[in-house]
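Breakdown of the fold
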Amino acid sequence: MTDRQDMTTPGAKSDGMMSPDVAARRVAASIGGRRQRERRFKSYGLIAIGIALAFLVILFASIFSKGIPGFFQHYVTLEVTLDRAKLDPAGDLSLQSLYDGDARGAIRAALYEATGASGRSGRKAAGKIISQGAEQRLRKAVIDDPSILGTTQSMVFAVDDDVDSFLRGFISRDTPEADRRINDKMIGYIDQLVADNRIEYAFSDYLIFGSASRNAEMAGIFGAFVGSMLTLSVCLVLAFPLGVATAVYLEEFAPKNRLTEIIEININNLAAVPSVVFGILGLAIFIGIFGMPRSIPLIGGVVLALMTLPTIIISSRAAIRAVPPSIRDAALGVGASRMQTMLHHVVPLAMPGMLTGTIIGMAQALGETAPLLMIGMVAFIVDVPGSVTDPGTVLPVQIFMWADFAERMFVQKTSAAIIVLLAFLISMNAAAIFIRKKLERRW
Amino acid sequence: MNSFSVALAVLLIGFVYFILGTRSAAAARQSGSRLHSLPHHYGLYAGMMASLPALFALVVLAIGDDIVFNTLALDFVPDAVKAEDNYKEVIVLAQIANVVAGINFGEQPQWVNDAAAAWLGWADTSRLIKTMVAIGLAAGGGFLATRQLAPDFRSRNAVERIIMFILGASSVIAILTTIGIVFSVVFESMRFFALVPVSEFLFGLTWNPQFEGAERAGSGQMGLATYGSVPLFAGTFLISIVALSVAVPVGLFSAIYLSEYASPRVRAVVKPLMELLAGVPTVVYGFFAALTVAPFLRSAGMNLGLDVASESALAAGLVMGIMIIPFVSSLSDDVINAVPQALRDAAYGLGSTQSETIRMVVLPAALPGIVAAILLAVSRAVGETMIVVMAAGLAANLSLNPLDAVTTVTAQIVTILVGDQEFESAKTLSAFALALTLIVITLGLNFIALQVVKKYREAYD
């Protein structure tokens, strides 16, 4: 520190020797300004933190204010006459027979009765009130309980997304009829349904159990959620063992030579490669050269595993390094081989740290979008994937796709899906913090 | 049997050999011979020798068979088809694969059906080969290993050598990934540069890959599609500048406050809250930018009489800046904390105030680390994808006005490569060339950051 000895006190000029009195006067004269600068500097820091936290609050407030209503939607209750001959013409309750049957007609009839709609245009307007998913729901009810055939049941159906937006007040009555997606007739019917207490605002089961759909009122995240879980499990199964094995090798066994040095530089560089590049790797190698199909969670998981590997390796190495040498020495001293020392003592002790790193890596993978777009997981897939080789999509990609749709209701459903995703991510990170706090030993 | 059940069978065989090996070693010990290792090492050796080579062979065969099929299937393509102008192997193979999968779009030529039929036959043969090879290797390998087992066989050492080999092989995955990235990007880029000169790509001022279809249809106007990447890099640069002018002051000053002024309690609350910003997925930021920030900026601009594009660089950059704040602040926090307390104490001892100490002692000492943190933040901003895809738009304007709509390298890569691509067209290939430059830039920034830290780091001890 010899080069710092001649550092001058701020505020005083080093113009030769100075009597203590003069120096004291100068300090006293400057102290007010210096204190003010001190306060100003400190306030910069506070303002910066304030800005950062304000951004956080605005982000979450904007998503939650849009997303909470997304968990709910409007339903209408109708008295549906379930005529056996009309709904199940073949009479064997098979899917084919139910699809041939006139479920739509039964629902429409109930709707006309409830609204009193008559005439061609009136019926057309009334028909637009109810979601296209209603027929599907009716068929499912019949399959679940065939004994309701031949009776009149009170059933609950979702309303169309435009009607939902109207009921929420996003579509104003004052807008000229030509400019809104709901005409005056429909408004009249909706008012009547509301007056009859047939409309309810309830928790949206479509959001949780529905799959991708172009109809906003029927769209849900179930398919994407299953896809996310499949992708994430492939990622975990590959990345965790590979990451831990690499960390163990590099930290404990690798000879210090050129090759290991290259591997280490490589891992650090991989951590800095933009995620979209991993998508290109997946596209070119797995789909291009190996000829694997697009859109499947298997490739998604492999790509995400390669992407999270550096995170897991780096944190696992830190965890191994934190195990004190005395543990190794003790094991070696009682005759364990180096491999036994490692597998029986060091790795179990480093496991909490390795798990923390792995959970953080998995949270990263769960929120990742760009590489999965590259390998085609952005396709519109209605079926829920049943295995890692079925085409599917994942939550963040679903959010990306919904964000493009213009319907007002999609904005809310997107925000609701974001809330679900954030809930998972935050609980994963909380689990990582918990494991670190509870299980990690301080030596 | 499909590959998965073959793998299960192989593991089962390995387990049987494990039991057999352990049992025979234990029996030998019972009958009084001195074992070199513990009984389960003998079992492990037999089990590993049975299943590992078989699993490896299975994986290689499973990956390799499609490649072989593709080459074989190309023999079915008649010469007349090959001679056609727009003949592309990939399209032909996709045609055949569709028929194999039972998807038929209209009437297929006879040779496609022939190839598909042959393909199904090969698939059967390959399944049989996979099953026989894997099970044979497992049974044979296990048998040979059991024959080796004798009380003085150094089975622990053998098992440890195998484990060591597996550990070493795992660490090579990192290198393979890098090689894979380089291969997937470099070859396609070279093909792109055969179509479009490097100088046009690097210095051209217009980016307009849209007319590829017209070009392929034989209009003969090669000049229509232009691949000058300058607007893309200018856009990336502009958005990064906006992002950094948000993230650097906010991140740096929060780090200073948190490490120098804040009480431990404030720090314990604020730091995790700021890191929450880092945990938010980029697609959420993109949604926020596109649906909340961009409309807000647009209406605010209108009130001020400014013309803000609905997909302005400002909106994307601002939100990207929010995303990078925790990155800058936690990296700067680390370097500021690494400055030894003795330096601060010395400055206080000379009568400086806390802010004077920070500005004149702590920050200069931490400067290399802070510069490195900023460079890493730049590399983050350049490589960020979802925010710009959702909020920055696709208009390749050459503009340095943050209120205009610009596009970025990553946004173009995503738009070109998502969905149905025109096979082997210059447009598709251009995405790989963009990716190559992107990798070079981010790795370059990383390298410089490391060099800065290495060169200017002061060792305090």
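Residues numbered from 1 in each chain as written. Chains lettered and ligands numbered in written order. Predicted model: local features only at pLDDT ≥ 70, side-chain atom pairs only at ≥ 80, totals over all residues. Heavy atoms only, no water.

Side note on the overall build of chain B
A count of helices and strands for chain B gives 17 helices and two strands. When the 461 residues of chain B are sorted by exposure, 47% land in the buried category. Sequence-distant contacts, at least 24 apart, represent 75% of the contacts inside chain B between residues at least 6 apart. Within the structure as shown, chain B displays about 21,800 Å² of accessible surface, and the carbon and sulfur contribution to it stands at 66%. A distance of 16 Å separates the average location of the 24 positive side-chain charges in chain B from that of its 31 negative side-chain charges. (Helix = DSSP H or I, 4+ residues; strand = E, 2+ residues; numbered from the N terminus. Buried < 20%, exposed > 50% of the residue type's maximum accessible area, 1.4 Å probe, protein only. Contact = heavy atoms within 4.5 Å. Areas by Shrake-Rupley, 256 points an atom, 1.4 Å probe, with all protein chains shown as cover. Lys, Arg positive; Asp, Glu negative; His and termini not counted. Charge placed at Lys NZ, Arg CZ, Asp CG, Glu CD.)

Focus: the overall build of chain A
Within chain A, the secondary structure is distributed over 18 helices and three strands. Computed over its C-alpha atoms, the radius of gyration of chain A comes to 32 Å, more than 25% above the 22 Å expected for a compact globule of 443 residues. Taken along the three principal axes of its C-alpha coordinates, chain A extends 105 × 70 × 40 Å. Relative to its full complement of 443 residues, chain A shows a buried share of 50%. Considering only contacts in chain A between residues 6 or more positions apart, those separated by 24 or more positions represent 76%. Counting every atom, chain A has about 20,700 Å² of accessible surface; 59% of that belongs to carbon and sulfur. The average position of the 43 basic charges and that of the 39 acidic charges among the side chains of chain A differ by 11 Å. (Rg over C-alpha atoms; globule rule 2.2 N^0.38 Å.)

Re the pattern of salt bridges
Residue and element names in this part refer to chain A. With the rule as written, the count across this model stands at 20 salt bridges over all chains. As a salt-bridge pair, Arg-198 and Glu-79 come within 3.9 Å of each other at their nearest N and O atoms. With Arg-198 in the loop between α8 (184-195) and β3 (199-203) and Glu-79 in strand β1 (residues 72-81), the pair connects residues that are 119 residues apart, well separated along the chain. Note on Glu-79: relative accessible area 37%, which makes it partly exposed. One salt bridge connects Arg-168 with Asp-164, and the closest N-O pair in it is separated by 2.5 Å. Here the residue Arg-168 and the residue Asp-164 both occupy positions in helix α7 (residues 161-168), the gap between them amounting to four residues, near one helical turn. The pair formed by Arg-168 and Asp-164 is uniform in burial state, with each residue classed as buried. Here the salt bridges do not stand alone but share partners, grouping Glu-251, Glu-264, Arg-317 and Arg-321 into one network. (Salt bridge = Lys/Arg side-chain N within 4 Å of Asp/Glu carboxyl O.)

Here's the deal with the interface of chain B and chain A
Counting residues at the interface gives 80 residues for chain B, matched by 79 residues for chain A. Note on chain B versus chain A: buried area summed over both sides is about 7,000 Å², and carbon and sulfur give 79% of it. Summed over the three residues of chain B that lose the most area to chain A, namely Leu-167, Tyr-257 and Phe-287 of chain B, the buried surface amounts to 8% of that side. In this assembly, chain B and chain A are joined by one salt bridge. In this structure, Arg-34 of chain A and Glu-356 of chain B form a salt bridge, with 2.8 Å as the shortest nitrogen-oxygen distance. Across the chain B-chain A interface, the total number found is twelve residue pairs in polar contact (both at pLDDT 80 or more). Ranked by the residues each element gives to the side of chain B that touches chain A, the list is headed by helix α6 (residues 155-195) of chain B, at 17 residues. Residue composition of the side of chain B that touches chain A, by class: 51 nonpolar, 23 polar and six charged. (Buried area = accessible area lost by both parts, 1.4 Å probe. Polar contact = N/O pair within 3.5 Å; in protein donor to acceptor, adjacent residues only side chain to side chain. Nonpolar A, V, L, I, M, F, W, Y, C, P; charged D, E, K, R; others polar.)

Looking at the side chain of Ser-228 of chain A
Residues and elements named next belong to chain A. Topologically, Ser-228 is positioned in helix α10 (residues 222-253). Here Ser-228 falls in the buried class, since its relative accessible area comes to 4%. What Ser-228 contacts, discounting residues up to four positions off in sequence, is Leu-366, Thr-393, Val-394, Leu-395 and Pro-396.

Some words on the confidence of the model for chain B
Residue and element names in this part refer to chain B. Averaged over chain B, the pLDDT score is 86; the fraction of residues at 70 or greater is 92%. When mean pLDDT is taken per element in chain B, helix α9 (residues 230-261) scores highest with 94 and helix α8 (residues 212-219) scores lowest with 48. For residues 214-221, every residue scores under 50 in pLDDT, and the model assigns this stretch four contacts once sequence neighbours within four places are set aside. (pLDDT = per-residue confidence, 0-100.)

A look at the sheet that holds strand β2 (residues 152-158) of chain A
Residue and element names in this part refer to chain A. Strand order in the open sheet formed by three strands is β2-β1-β3, and the pairing between neighbours is antiparallel. Looking at which strands have only one partner, the edges of the open sheet turn out to be β2 and β3. Strand-to-strand twist in this sheet, taken as the mean axis angle between neighbours without regard to direction, amounts to 40°. Summarising the sheet, β1 and β2 pair through seven bridges and their orientation is antiparallel. In the strand pairing of β2, Thr-77 is matched with Val-156. Relative to β1, α7 is tilted by about 120°, and along the sheet it contacts β1 and β3. (Pairing = 2+ DSSP bridges. Axes fitted to C-alpha atoms, helices over the stretch in contact; angles between N-to-C directions.)

Quick look at a nonpolar patch on the surface
Residues and elements named next belong to chain B. There is a patch of nonpolar side chains on the surface, built from Val-172, Leu-176, Ile-179, Val-182, Phe-183, Phe-187 and Met-190 and spanning about 630 Å² of accessible area. Along the chain, the position of Val-182 falls in helix α6. Accessibility expressed as a relative area gives 42% for Val-182, which makes it partly exposed. (Patch = residues over 30% accessible without salt bridge, like charges linked within 9 Å, V, L, I, M, F, W, Y side chains within 5 Å.)

Brief notes about empty space enclosed by the protein
Residues and elements named next belong to chain B. Enumeration according to the criterion identifies six cavities of 30 Å³ or more in this entry. Size it by volume and the largest cavity reaches roughly 70 Å³. Elements that contribute at least two residues to the lining of the largest cavity include exactly α9, α10 (264-279) and α12 (313-338). Considering each element in turn, the lining of the largest cavity owes the most residues, four residues, to α12. (1 Å grid on protein atoms, 1.4 Å probe; cavity = no way out; pocket = protein on both sides within 12 Å on 5 of 7 lines; lining within 4 Å. Points joined across faces, edges and corners; volume = space filled by probe spheres on them.)

Digging into the environment of Leu-332 of chain A
Mapped onto the fold, Leu-332 of chain A is located in helix α14 (residues 325-333). Non-local contacts of Leu-332 of chain A, meaning those with residues more than four positions away in its chain, are made with Ser-337, Arg-338 and Thr-341 of chain A.

Observations concerning the packing of helix α4 (residues 103-115) of chain A against helix α5 (residues 120-127) of chain A
Residue and element names in this part refer to chain A. In the contact formed by α4 and α5, the axes pass within 10 Å of each other and the chain directions differ by 110°. In terms of orientation, α4 and α5 fall into the roughly perpendicular class. Contact residues: Arg-108, Leu-111, Tyr-112 and Thr-115 in α4; Arg-123, Ala-126 and Gly-127 in α5. When its residues are assigned to classes, the contact of α4 with α5 shows three nonpolar, two polar and two charged. (Parallel < 35°, antiparallel > 145°, perpendicular 65-115°, else oblique.)

Observations concerning the packing of aromatic side chains
Overall, the coordinates contain 20 aromatic pairs over all chains when judged by the stated rule. Among the aromatic side chains, those forming a connected cluster through ring pairs are Phe-192, Phe-193, Phe-201, Trp-207 and Tyr-227 of chain B. The cationic tip of Arg-137 of chain A hangs over the ring face of Tyr-206 of chain A; the distance from NZ or CZ to the ring centre is 4.2 Å. Note that Arg-380 of chain B overlies the ring of Phe-327 of chain B, its terminal NZ or CZ placed 4.4 Å from the centroid. (Phe/Tyr/Trp six-rings, centres within 6.5 Å; stacked < 30°, edge-to-face > 60°. Lys NZ or Arg CZ within 6 Å of the ring centre and 35° of its normal.)

Observations regarding the domain arrangement of chain A
All names here are of chain A. Assigned domains of chain A: these are domain 1 (28-70), domain 2 (71-203) and domain 3 (222-439). In this structure, domain 2 and domain 3 have C-alpha centres spaced 45 Å apart. Tallying the contact residues gives seven residues for domain 2 and eight residues for domain 3. Joining domain 2 to domain 3, the criterion identifies zero salt bridges. The tally of links from domain 2 across to domain 3 stands at two residue pairs in polar contact (both at pLDDT 80 or more). (Domains from an automatic or database assignment.)

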